[in-house]
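A structural walkthrough
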Amino acid sequence: MNGGNGDGDLRIGVYVCHCGINIASMVDVEKVAERAAAMPHVVVARDYKYMCSDPGQQMIAQDVRNHRLNRIVVAACSPLLHEKTFRGAVERAGLNPFFFHMANIREHDAWVHENRDEATTKAIDLIRAAVRRVGHHKALERRTVSINPNVLVVGGGIAGIHAALKIADAGRRVYLVERELSIGGHMAKFDKTFPTLDCAACILTPKMSQVKDHPNITLWTYSEVAGVEGFVGNFKAKIRRKPRYIDEETCVGCLECIEACIFKEGKFPDEYNEGLSKRKPMYIPFPQAVPQVTAIDPETCLHFKTGKCKQPCVSVCDRKAIDFDQKERIEEIEVGAIVIGTGFQTFNPTDRLPQYGYKILDNVYTALEVERLVNSSGPTGGEVVLRDGSRPRAVGILHCIGSRDTKTNIWCSRVCCMYSLKLAHLVHERTKAEVYNFYIDMRAPGKGYEEFYNRLLEEGVHFIRGKVGGVTDWAMVPEEEGRLVIRVEDTLGGFVRRVPVDMVVLSTGLEPRADADDVRRTFNISCSTEGFFLERHPKLAPVETASDGIYLAGCCQAPKDIPDTVAQAGAAAAEALALIDRGEVELEPNTAYIDADECSGCKSCLSLCPYNAISFIEEKKKAEINEALCKGCGTCVAACPSGSIIQNLFEDDEIFSEIAEVLSDV
Amino acid sequence: MSDREFEPRIVAFFCSWCTYTAADLAGVSRMKYASNIRIIRLMCSGRVDPQFIMDAFARGADGVLIGGCHPGDCHYISGNYKCLRRFHLLKRMLSDLGIEENRLRLEWISAAEGDKVKRVVNEMVQQVRALGPLDLPGRFGEWDKEVRELDARIQQEHDAGPCEAHAVKESQA
């Protein structure tokens with residue numbers, strides 16, 4: 001391997017990137033390169049338009065050859081973005097890839113400062129620190145560990161279903177974990193999908209049964225991920241399987257037990273129908289549920305409540321599948337990659353936006369409730385009717401409920417305009433009612449979406465541009481009597497209107513699930529400010545997370561429609577497969593080790609390691625670090641009183657030289 | 001110090017997973033903050049050796065900022081708690097050395113909180129600017145000078161003391 005370690009023969013190359021004008025507009029890159037050229041041991045210093053481009057990387061390789069460079073500093077963007085790229089270039093140039101350091105003069109300098117002189121000075125400081133630091137770098141070797149080829153998919157909505165099927169089709173074992181009794185997620189509640197108006201069930205339910213029948217998929221519904229340990233390629237997950245009081249293996253889904261239940265009629269709000277219908281304590285969430293296995297709700301079942309039920313369900317089940325003593329179980333699995341597709345929840349307007357009358361005025365519905373009403377397997381068999389069973393003559397659809405407002409959620413939920421158009425079409429088609437859409441901006445950015453909007457315009461649906469101020473049942477004129485009145489400023493007409501309707505539909509937005517923060521902690525990933533899971537890079541790594549081996553799919557990352565969700569789920573599956581098919585993963589060599597000669601055997605470090613990677617060797621009276629267990633945080637290094645623990649890539653000398661140099665320019 | 005207005009120099013130690021990423025986000029979002037800060041990346045705030053902080057002050061930093069993941073969010077489970085422990089111990093020592101409290105700051109900043117990086121940096125620069133230069137190297141120089149002067153005086157008294165008496169005795173003899 002090229003390059004020595006002694007200070008005497010250090011030959012450093014410094015490369016200052018313009019990043020187009022991203023850096024060059026705020027940092028005087030020529031001056032920076034000039035100053036870098038005069039720094040100790042610097043043999044070559046250049047500035048270049050795009051260091052990450054092929055010619056930029058070639059330039060490094062050429063200089064390594066021509067000038068016998070043995071250390072490289074690149075001052076460009078964040079190392080979190082391109083450190084890998086440049087390490088690769090350095091390696092291809094014949095040097096150890098860790099004879100390299102990056103100075104972040106874009107994210108931490110050019111982009112955040114407004115004074116060119118100050119930004120230029122800062123860039124020089126950061127490069128001086130990098131130049132001195134890189135002199136201390138040692139040749140390191142990457143550790144490789146083998147990858148477990150199994151994948152855990154969390155969430156059985158369309159995102160999780162699609163990802164699971166793709167991975168399973170590639171021949172890998174998939175564990176699909178779904179919290180609810182059935183997979184299908186939100187999509188299973190929809191009647192039609194925009195803009196093609198194809199039936200949601202017709203495209204979803206075949207995929208649901210594929211999941212059930214796939215030899216490579218282990219499906220655990222009514223289950224949650226209780227904990228995850230380990231790291232890329234080698235995760236250990238604990239899955240909590242909640243009791244449904246029915247033995248899944250034995251039940252054949254004949255549904256006789258539901259028929260036999262002591263409750264002759266449904267009595268409790270049916271969650272699947274958004275509470276618009278009633279179910280029994282013994283139930284199946286919906287007819288096409290996967291798995292076709294009933295469940296007992298212990299909160300309402302007479303046996304659990306009083307212990308005095310005659311249990312007709314038990315006597316009717318000739319498979320003996322009912323098990324009132326079923327207990328929660330924990331399954332432990334090992335996987336190499338994880339795809340998270342935990343989805344979203346819809347905005348609840350009850351307390352947060354009382355002016356729209358939801359739960360106050362009878363005929364104010366959320367869009368999801370209306371999805372159930374228009375659905376032929378819904379509580380009314382597809383009839384759009386008011387609470388009293390009559391048909392509405394006029395329906396108002398209010399866009400952006402809970403979205404695009406600093407008082408509620410600031411973001412656009414992306415799907416509401418389009419699903420509002422879809423509902424407008426379906427309601428108009430079924431009831432012939434006058435349908436009014438109240439919108440702020442019409443957002444139809446997708447294939448066939450604008451065309452769908454045009455179609456609705458031609459169908460005679462009314463569009464009023466304005467954010468609705470409120471919904472009231474207080475009539476001012478006779479034709480408002482007994483109806484709901486929508487008050488809105490028509491911003492195209494330039495006047496305030498009162499529009500009487502019989503039914504109000506609130507197009508509620510999408511938001512992170514209430515427990516997204518707990519899920520985030522379980523998987524050690526991050527959330528963006530609004531609470532959706534954070535992708536590694538918004539453009540270049542949209543399905544990866546900051547934790548290697550954990551990928552995102554669907555609305556848990558941000559609101560998106562079904563085509564985008566499926567595309568992202570496919571991408572997440574491809575990422576997971578790409579990782580697994582490598583067979584092994586290279587780990588950062590930033591682990592710590594103990595210099596046995598220096599170790600005093602004080603044991604200070606032992607209790608600090610969260611991974612129990614440090615053990616005390618009694619015979620030698622010295623501590624030792626198991627490199628395979630060390631994750632490279634450096635906590636023990638900072639605590640060692642004798643300075644005998646060394647962290648690769650973050651050695652004391654390296655950090656001290658950075659401190660010294662960022663402060664040396666007085 | 002020159003006639004120019006005092007510009008504080010702040011060294012920051014940010015953990016790679018949360019705060020360093022947040023600083024990247026601040027950049028990507030083009031937020032603007034004071035340029036007085038120099039960020040050094042560590043894998044975890046648990047790696048922040050108190051010596052790094054002392055060294056920074058000794059080399060002329062006017063303030064030191066440490067950034068880590070929020071409690072419970074540490075990528076390495078508990079490194080940030082270890083950092084917190086050391087931070088409190090070090091703070092006591094710094095006050096004994098006459099280094100004002102606001103010169104050392106620990107902040108939990110998650111990867112999503114680019115705006116917090118901006119706020120914290122700006123706040124800290126403002127506070128440290130109000131405190132004025134720490135100039136620990138200068139103070140060391142003064143302390144060294146004082147010690148040297150004291151040494152010299154002791155030496156002088158020592159020379160003058162018994163030696164003089166001795167000299168007097170000798171002359172009498």
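First, a word on what this report is: a plain description of the structure on this page.

The rules we used
- Residues numbered from 1 in each chain as written.
- Chains lettered and ligands numbered in written order.
- Predicted model: local features only at pLDDT ≥ 70, side-chain atom pairs only at ≥ 80, totals over all residues.
- Heavy atoms only, no water.
- Helix = DSSP H or I, 4+ residues; strand = E, 2+ residues; numbered from the N terminus.
- Rg over C-alpha atoms; globule rule 2.2 N^0.38 Å.
- Buried < 20%, exposed > 50% of the residue type's maximum accessible area, 1.4 Å probe, protein only.
- Disulfide = S-S within 2.5 Å.
- Contact = heavy atoms within 4.5 Å.
- Buried area = accessible area lost by both parts, 1.4 Å probe.
- Salt bridge = Lys/Arg side-chain N within 4 Å of Asp/Glu carboxyl O.
- Core = buried A, V, L, I, M, F, W, Y, C linked by side-chain atoms within 4.5 Å.
- Arc of directions from axis to C-beta.
- Pairing = 2+ DSSP bridges.
- Axes fitted to C-alpha atoms, helices over the stretch in contact; angles between N-to-C directions.
- Polar contact = N/O pair within 3.5 Å; in protein donor to acceptor, adjacent residues only side chain to side chain.
- Patch = residues over 30% accessible without salt bridge, like charges linked within 9 Å, V, L, I, M, F, W, Y side chains within 5 Å.
- Areas by Shrake-Rupley, 256 points an atom, 1.4 Å probe, with all protein chains shown as cover.
- Lys, Arg positive; Asp, Glu negative; His and termini not counted.
- Charge placed at Lys NZ, Arg CZ, Asp CG, Glu CD.

1. Things to note about the overall build of chain B
Across its full length, chain B holds five helices and four strands. Helices and strands in chain B line up, N terminus first, as β-α-β-α-β-α-β-α-α. Relative to the globule expectation of 16 Å for 173 residues, the C-alpha radius of gyration of chain B, 23 Å, shows a markedly less compact shape. In chain B, which comprises 173 residues, the proportion classed as buried is 49%.

2. A word on the state of the cysteines
Disulfides are covalent bonds that connect the sulfur atoms of two cysteines. Tallying each qualifying case throughout the model produces two disulfides over all chains. The disulfide that involves C199(A) links it to C202(A), with 2.4 Å between the sulfurs. Across the S-S bond of C199(A) and C202(A) the torsion is about 90°, and the bridge reads as right-handed. Disulfide pairing is shown between C18(B) and C69(B); the S-S distance is 2.4 Å. Taking the sign of the torsion about the S-S bond as the criterion, the disulfide between C18(B) and C69(B), at about 100°, is right-handed. Pair noted here: C18(B) is in the loop between β1 (10–15) and α1 (19–28) and C69(B) is in the loop between β3 (63–68) and α3 (79–96), with a separation of 51 residues, a long-range link. The exposure classification of C18(B) matches that of C69(B), with both residues buried. C630(A) carries a free sulfur, and the closest cysteine sulfur to it, the one in C636(A), is 6.4 Å from it.

3. Some points on the interface of chain A and chain B
In this assembly, 52 residues from chain A lie in contact with 52 residues from chain B. In total, chain A and chain B occlude about 4,300 Å² of area from one another, counting both sides; carbon and sulfur atoms represent 57% of this. Interface area lost by chain A to chain B is led by H108(A), W111(A) and L663(A), which between them contribute 15%. The interface formed by chain A and chain B contains five salt bridges.

4. Looking at the nonpolar core
Judged by nonpolar contacts, the single largest core of 82 residues is most densely connected at V14(A), I72(A), V74(A), I127(A), F13(B), F57(B) and L104(B). If one sorts the elements of this core by residue count, helix α5 (residues 116–134) of chain A sits on top with nine residues. Ignoring anything within four residues of it in the chain, the contact list for F57(B) reads D62(B), G63(B), V64(B), L94(B), I99(B), R103(B), L104(B), L134(B), L136(B) and P137(B). With 61 residues, the next largest nonpolar core counts C257(A), C261(A), A569(A) and A576(A) among its residues.

5. Things to note about helix α15 (residues 516–523) of chain A
Residues and elements named next belong to chain A. Those residues of α15 lying buried are A516, V519, R520 and F523. An end-on view of α15 places all buried positions within 105° of arc, on one side of the element. Immediately downstream of α15, the backbone of N524 shows phi near 55°, a positive value.

6. Some details on the sheet that holds strand β4 (residues 100–104) of chain A
All names here are of chain A. Read from one edge of the open sheet, four strands run β2-β1-β3-β4, paired in parallel fashion. A strand with exactly one partner marks an edge of an open sheet, and here the two such strands are β2 (42–48) and β4. Direction aside, neighbouring strands of the sheet carry axes that sit 15° apart on average. One ladder, built from six bridges, connects strand β1 (residues 12–17) with β2; its direction is parallel. By the bridge assignment for β2, I12 is matched with V42. Along the sheet, α5 makes contact with β1, β2, β3 (71–76) and β4, crossing β4 at roughly 165°.

7. As for the environment of D125(A)
Among the structural elements, D125(A) can be located in helix α5. The exposure class of D125(A) is buried, given its relative accessible area of 4%. Counting along the chain gives 22 residues from D125(A) to A103(A), while the straight-line C-alpha distance between them is 9.6 Å. Excluding residues that lie within four positions of it along the chain, D125(A) makes contacts with E661(A), V662(A), D665(A) and R38(B). There is a polar contact of 2.9 Å between the side chain of D125(A) and the side chain of R38(B).

8. Brief notes about a negative patch on the surface
All names here are of chain B. A cluster of like negative charges, contributed by D135, E142, E146 and E149, occupies part of the molecular surface. Counting through the fold element by element, D135 comes out in the loop between α4 (114–131) and α5 (136–172). Judged by its relative accessible area of 42%, D135 is partly exposed.

9. Some remarks on the environment of A188(A)
All names here are of chain A. Its place among the elements puts A188 in the loop between β7 (174–177) and β8 (192–193). In this structure the C-alpha to C-alpha distance between A188 and I158, which are 30 residues apart in sequence, comes to 8.7 Å. With residues up to four places along the chain from it excluded, the contact list for A188 reads L204, Y272, F286 and R372.

10. Here we look at the pairing of β3(A)
Residues and elements named next belong to chain A. Burial within β3 is extensive, with six of its six residues counted as buried. Where β1 lies against β3, five bridges are found, and the strand directions are parallel. Within β3, the position partnered with G13 by the bridge is I72. Across five bridges, β3 lies against β4 in parallel orientation. Within the sheet, the bridge partner assigned to V73 lies in β4 and is H101.

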